[in-house]
Amino acid sequence: MTLNSGLNIMDSGTFDISANANGTHPIRSEGRYDELSTEFTQFTLNVDHDFSDRLRGNFLAGTVTSDFDNPIQTTILFDAVGDVTGYSYDFRNNINTPAIDFGSLDVTDPSQFAFTEIRDRPQSVSNSFDTFAASLEFDANETWTLSGGLNFKQYDFESREARRESTNGSIVCALPGVSCPAGATGLPITAGLFTTLTGFGNDLGMPTGNDTAWIVPNIQAAAAAAGIYNIPGTVRSGNQRAVSEEDLGAFFQADFNTQLGDIPVRGDVGVRYVETTTTATGLVSGTEVTVERSYEDTLPSLNLTFEMSEDFLIRFGVAKVMARPSLGNLTPGGSLDSFNGPPFRYNAGNPGLDPYRATTYDASFEWYFDNEALFAVSLFYKDVSSFFTSSQSVEVAFSQSGLPANLPPASSPLFNLIQAGGDPLVEISQVSNGGSASVQGFEVAYQQPFTFLPEPFHNFGFQGNYTYVDSDEIIGFSPNAYNATLYYENERLSARISSAYRDAYVTRRASSSTGRDERGVDSSFNLDFASSYMVNDMIDLTFEAINLTDEFEQQIFDAGNLPNVYHHTGTEFLFGIRATF
């Protein structure tokens, strides 16, 4: 084996791999089947009424429900049988596509595998949203328009999960009605239980000699052989969660249109008051816990536009803003990743999360130098007093974590380590509120139809922008990003080719000085084409080409930017017909 001291990894090696104590094996072929459905229902009543030529009113009432159901989520696992000798990998030539050799194991031979394990985890999520709002708008005079109103919103979130493998375990030979051969670790894989996956790695640039085919489970046949759907599920208490949020708000706003000397000035000034109450329920160490809390925010704002000339505007804005945490982050308890580790990650909820709060300052300078043409420079600064971040993680032995011993699912790597007498590390973290921070940057935008060119080039045009963002604490931003579009439009044909680029960015900070658990997304460039042709007043033909430059998706981890996800989807071509009746 070889060590890469710069990246702190073992970048090549040859190994002999034995089965786990419970008969499962580190080398396995896994297949998963899901049945998914979502029912979405929405009703809205929106009433506008003019009480007079100066006084107007609006009333809005609405309700939305979304019910997601995943009644079948079946995973089938075929494990290698016995010892595998001579397994090797080598990342030295390409960190994204290593050379991999399974040694003595023929991954296309079903006789060298056994059907060892099955899981089924039906689950569902329900969301609802109700809103009521009423507002009035009054033209006080030619300069001032006054408006104000009240609104109420309620969000409800509830998730549920059961696990059939928690009733009798996930090991196939231990299931009722299943008879494995004496001494076998699983059912023999007969012809009806598998298919062969072929063509893996096309256009990935894998080394010659890597396996591109292997056996994969026939999910329906394997599930029937194990009788998994006849086993009642055991409720997964850690995923029985619910959050309700009620928001009560009121606002007052004054819009104006006046003069400052010879300069026309328009804008608005206002204030919004919001009161938020959350009720979050979850399980902590097997006990149902409900946490209720309330908080208030007063959010003033001011926007000004100065018409320096007919084609040049200067805009200024300042506002206090807030964004509430997602409901899923508010539940007590948490979720455990039993498959990646050690350390294995336990993400705990935080019902005490405060919202994102900031004071924002914006300024833009806009030159409308021709019809439909614009050159603009915008500056922004956000003084953030509270934001969402992953708190510093704590690593403890599983026995000291306070988590119930039956939490890891059977045959997961964490379960296997505990069953073998180990006490592996668990990294406990949760979303928390960061302290003060800032976000600042600028944007340059340019757009112009090329009407100054001779025919037929006068129907072309360009739109583009460049953004620079800098933040001292908040992650998720790319420092540099740009978009550019070249388009052509006439009465019948519309076509555009668009490019988009953004720098690499971090999605999770490292919790230790090694930087091992940092996560991020690599820089990306996408080039797409879209067009439509109007055949007549009723029918349009459309054509799109997505990812023309055949870009790869790459997610990275560690301070050394090691590959975490390396996907290749190729270029997609979409044809369509749009009809209007």
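Located above this text is the structure these notes cover.
Residues numbered from 1 in each chain as written. Predicted model: local features only at pLDDT ≥ 70, side-chain atom pairs only at ≥ 80, totals over all residues. Heavy atoms only, no water.

A. Up close: the sheet that holds strand β33 (residues 562–568). On the basis of which strands lie adjacent, the open sheet formed by 4 strands has the order β28-β29-β32-β33 and antiparallel pairing. If you trace the sheet from one side to the other, it starts and ends with β28 (505–508) and β33, each paired once. If you compare each strand with its neighbour and ignore which way they point, the axes differ by 25° on average. Examined bridge by bridge, strand β32 (residues 552–557) and β33 share 6 bridges and lie antiparallel to one another. Bridging from a neighbouring strand, Glu553 pairs with His567 of β33. (Pairing = 2+ DSSP bridges. Helix = DSSP H or I, 4+ residues; strand = E, 2+ residues; numbered from the N terminus. Axes fitted to C-alpha atoms, helices over the stretch in contact; angles between N-to-C directions.)

B. Region of the structure containing unusual backbone geometry. A cis amide bond, omega 0°, links Glu455 with the succeeding residue Pro456. Tracing the sequence through the fold places Pro456 in the loop between β24 (437–449) and β25 (460–471). A positive phi angle, near 65°, is found at Asp203, a position not held by glycine. With respect to the helices and strands, the residue Asp203 is situated in the loop between β11 (194–197) and β12 (214–217). Residue class for Asp203 comes out exposed when judged on its relative accessible area of 61%. Residues other than glycine seldom take positive phi values, yet Asp550 does so here, at roughly 60°. Tracing the chain through its elements places Asp550 in the loop between β31 (539–546) and β32. A residue is classified by how much of its surface remains accessible, and Asp550, at 30% relative accessible area, is partly exposed. (Buried < 20%, exposed > 50% of the residue type's maximum accessible area, 1.4 Å probe, protein only.)

C. Main features of the pairing of strand β2 (residues 9–17). Sheet topology note: the strand β1 (residues 2–4)/β2 ladder contains 3 bridges and is antiparallel. Paired with Leu3 across the two strands is Met10, which belongs to β2. Taking the residues that link successive antiparallel strands as the turn, the β1-β2 hairpin has 4 residues, and the phi of Asn8 there is positive, at about 60°. Bridge count between β2 and strand β5 (residues 84–90): 5 bridges; the pairing is antiparallel. For Gly13, the partnering residue across the bridge sits in β5 and is Tyr89.

D. Summary view of the sheet that holds β5. An order of β1-β2-β5-β6 is seen for the 4 strands of this open sheet, with the pairing classed as antiparallel. With one partner strand each, in any of the chains shown, β1 and β6 (99–101) form the two edges of the open sheet. Neighbour-to-neighbour, the strand axes of this sheet turn through a mean angle of 15°, independent of strand direction. As defined by bridge partners, β5 adjoins β6 across 3 bridges and the pair is classed as antiparallel. Across the sheet, Ser88 pairs through a bridge with Asp101, a residue of β6.

Such coordinate-based values are descriptive only and should not be taken to indicate function.
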